[in-house]
Amino acid sequence: MSHAASTTLVRLPVWRARFVLVAFMLAFVVLIGRSIYLQAMRTGFLQEQGKARYSRVLKIPATRGRILDRNGDALAVSTPVKSIWMIPGDVKASYAQKKRLAALLGLDRRELDGKLADTGRDFVYLKRQISPDTAKKVAALDIPGVYQQREYRRYYPAGEVAAHLVGFTGVDDTGQEGVELAYQNSLAGRPGSRRVIKDRLGRVVEDVGSIHPAQDGHDLTLSIDGKIQSLAFSALKSAVIAHGAKAGAIVALDVRTGEILALANVPSYNPNNRAHLSGSQLRNRAMTDSFEPGSTLKPFTIAVALEHHKVTPTTEIQTAPGTLKLGGYTIHDAHRESMLSVAQVIEKSSNVGASKIALQLPRRQMWDMFEAVGFGSPPRLRFPGEASGKVRPWQTWRPIEQATMSYGHGISVSLLQLAHAYTIFARDGVLVPLTLLRTGTPVNGVRVISTRTAREIRAMLELAVKPGGTGTRARIVGWTIAGKTGTAHIEENGGYAPDKYIASFVGFAPASKPRLVIAVMIDQPAGREYYGGLVAAPVFAQVMQGALRMLNVPHDAPLTPLEQPGASDDAKEGT
Amino acid sequence: MAKLNLLLLLVLVVCALGLVTSQYKARTLFSALDQAQRRERQLDVVYGQLQLEASTWGQHTRVIEIATGTLGMHVPDPRQVIVLKLPAEATR
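Residues numbered from 1 in each chain as written. Chains lettered and ligands numbered in written order. Predicted model: local features only at pLDDT ≥ 70, side-chain atom pairs only at ≥ 80, totals over all residues.

1. As for the overall build of chain B
What counts here: Strands are runs of DSSP state E lasting at least two residues, helices are runs of H or I lasting at least four, and both sets are numbered from the N terminus onward. For the radius of gyration, the atoms used are the C-alpha atoms, and the globule rule reads 2.2 Å times the number of residues raised to 0.38. Put plainly, a residue is buried at 20 or more neighbouring C-beta atoms within 10 Å of its own, exposed at 12 or fewer, and partly exposed in between, counting only other residues' C-beta atoms, which are placed from the backbone.
For chain B, the helix and strand inventory stands at three helices and zero strands. Whereas a compact globule of 92 residues would reach a radius of gyration of roughly 12 Å, chain B reaches 35 Å, over 25% beyond that. The principal-axis extents of the C-alpha atoms in chain B amount to approximately 110 × 40 × 15 Å. Per-residue burial for chain B yields a buried fraction of 2% across its 92 residues.

Here is the structure:
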């Protein structure tokens, strides 16, 4: 064995050292290259990834504004709810858990099993919009594969009472009807966002970058008075049911401020549960439907005649024999009267009398009056689908048309327009602009007729509800009222249906210093009673009495019970 | 020279610790603010729910029903009503 030889220094070949050197250099080149690649070329991506580990963009939810009545009571409120959803394939739940889940969500056990068996799908709603309390209990079950999602749901505590006015929102939280639609832009909130740094425990520790704050929707305070609205709705509803009518509507206005205090329609619907809605339930008749108003329009014709000094309240008009032939048509009165003063034409609601007065007037003057009180143009409350009514241009009027228009046929208006127009009599000749929002301050209007004419008409309208007039059932205890009944035939297929009527009453109180205008319309009362004085006037009385009491309006009449109205014969009228 | 360097090092360490502390404090306060804001939102939600509840219980129809049905109340007969005038009104 030559061990000695192996321990002697052996000179290694030089290339081996060089090889190692080159290998190290190459390794460094690779490392440098890699770092250049990461630092210079992929820097953006890597920084993003880094940030994603600690910074988050949070959505800041915005809530939709509340809708309140004038006293601050809620008419529409959004409140967060949870929706429960699951990935069927991921759900691992024991029998007991499933049973409890089904019970919490109010689902049938078999229904739940059916949904769970549908493993092909990735997203299945178990139940939408449940209360946060129930959602917490569901979360406590801690079933894998079951998740929750935050949503907003809009509630309408007033339900059907204010349904048409308030409207409702759709699934995506945008307004579909009523005020919800009209004021969508100011009610809707704008969600914001912020970039934050979160710590290990998920707590937000710092805002980085700019914050886009969420804009909550603005609360909206309507002019509606919840109590009057409710009273109006229930009075209207019971009248519609009692008379077997097809529909009805009512409007109450504050004369001083032009605020709409109540606006209700029947049939109505529950905006919280809109499963089976029909078009007829959704119709906001008071605002979006126009109808031929009938006799409630007579005071406007008389006002034109008084204003242009064609007649005075005491001018006598011959209405015998209760009919008037005009261009092949005959105008009828319900009662046969003979000589009537202009005031009595209103009191007895004589069509012949009103026609004779109208025929003395230039067409243009009548048209100007209709136009000035807002007939033929929408009230511009921003409300969706406001009816403008129909007033034909005066140049095309034939004498018979001018005559029928004097008692409210051949012209159509919405109930809201009618109530609005009556403010000229209640406010000494001034038309007050309407509003749906609470203002609470008296407003100036536009003068349409002189104070004198307005007062004269007011006296006639007071007469029309006194014994001998057509509207005795509109009277109330403690306050004087003034108003006019209407019983209009309904137009059908180009003619007038002989047995279909719209009964209406428009009036205001207290007559000495008017505060409220209320207009009632009842569509097709089915019973033997169909006159406005019998069907609509009692609704007016009920609502007016309650509303004046609620508003603390001082009495202007003795608090003695009314004498019973005489025979219902007085309430009969031609239109 | 070495002394000055040591002093500066000491100052640097103190500043660094100060920065750490203030950063920590800032984050704690911010977290508290965030929680307070979240609570504000929650309370607002609760307020909305309570408003809803108040409005639902206070529905006029329900009040009338309870007043006339359960409590047997009614609107007084006009003859029973006595209207009082406030002194200011009486002199006017």
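2. As for the environment of G483 of chain A
Residues and elements named next belong to chain A. Worth spelling out the cut-off: Two residues form a contact once the distance between their C-beta atoms, set from the backbone, is within 7 Å.
Its location among the elements puts G483 in strand 19 (residues 482-492). By C-beta crowding, G483 is classed as buried, having 34 other C-beta atoms within 10 Å. Sequence-wise, G483 and G167 are 316 residues apart; in three dimensions their C-alpha atoms are separated by 31 Å. Apart from residues no more than four positions distant in its own chain, G483 is found in contact with L461, A464, V465, G471, A474, F505, V506, G507, F508 and F540.

3. So, the domain arrangement of chain A
As a reminder of what qualifies: For each domain, the first and last residues come from an automatic or database assignment.
Taken domain by domain, chain A holds domain 1 (54-73 + 157-222), domain 2 (80-155) and domain 3 (226-273 + 291-571). The C-alpha-based centres of domain 1 of chain A and domain 2 of chain A are spaced at 26 Å.

4. A few points about the packing of helix 13 (residues 298-307) of chain A against helix 16 (residues 363-372) of chain A
Residues and elements named next belong to chain A. Rules: To define axes, lines are fitted to C-alpha atoms, for helices over the stretch in contact only, and angles between the resulting N-to-C directions are given on a 0 to 180 degree scale. An angle below 35 degrees is treated as roughly parallel, one above 145 as roughly antiparallel, one from 65 to 115 as roughly perpendicular, and anything else as oblique. Each crossing gets its hand from how the near helix is turned against the far one by less than a right angle, where anticlockwise is left-handed and clockwise is right-handed. Note on residue categories: nonpolar means Ala, Val, Leu, Ile, Met, Phe, Trp, Tyr, Cys or Pro, charged means Asp, Glu, Lys or Arg, and polar means any other residue, Gly included.
Where helix 13 contacts helix 16, the two axes come as close as 10 Å, and the packing angle between them is 125°. Taken together, the axes of helix 13 and helix 16 lie oblique to each other. Every pair of crossing elements has a handedness; the one defined by helix 13 and helix 16 is right-handed. The segment helix 13 lies against helix 16, with F300, T301, A303 and V304 engaging Q365, M366, M369 and F370. Of the residues contributing to the contact of helix 13 with helix 16, the split by class is six nonpolar, two polar and no charged.

5. Comments concerning the nonpolar core
A general tendency of soluble globular proteins is for nonpolar side chains to be buried together. Residue and element names in this part refer to chain A. Put simply, the rule reads: A set of buried residues qualifies as a nonpolar core if it consists of Ala, Val, Leu, Ile, Met, Phe, Trp, Tyr and Cys joined through C-beta atoms within 7 Å.
One finds I250 and A252 to be the most contacted residues of the largest nonpolar core, which totals 137 residues. The biggest single contributor to this core is helix 18 (residues 415-426), with nine residues. Split by domain, this core shows at least three residues from each of two domains, domain 1 (54-73 + 157-222) and domain 3 (226-273 + 291-571). Setting aside residues no more than four positions away along its own chain, A252 makes contact with I228, A232, L261, A262, L516, I518, V543 and A547. By size, the runner-up hydrophobic cluster in this structure holds eight residues, among which are L126, A135, V138 and V146.

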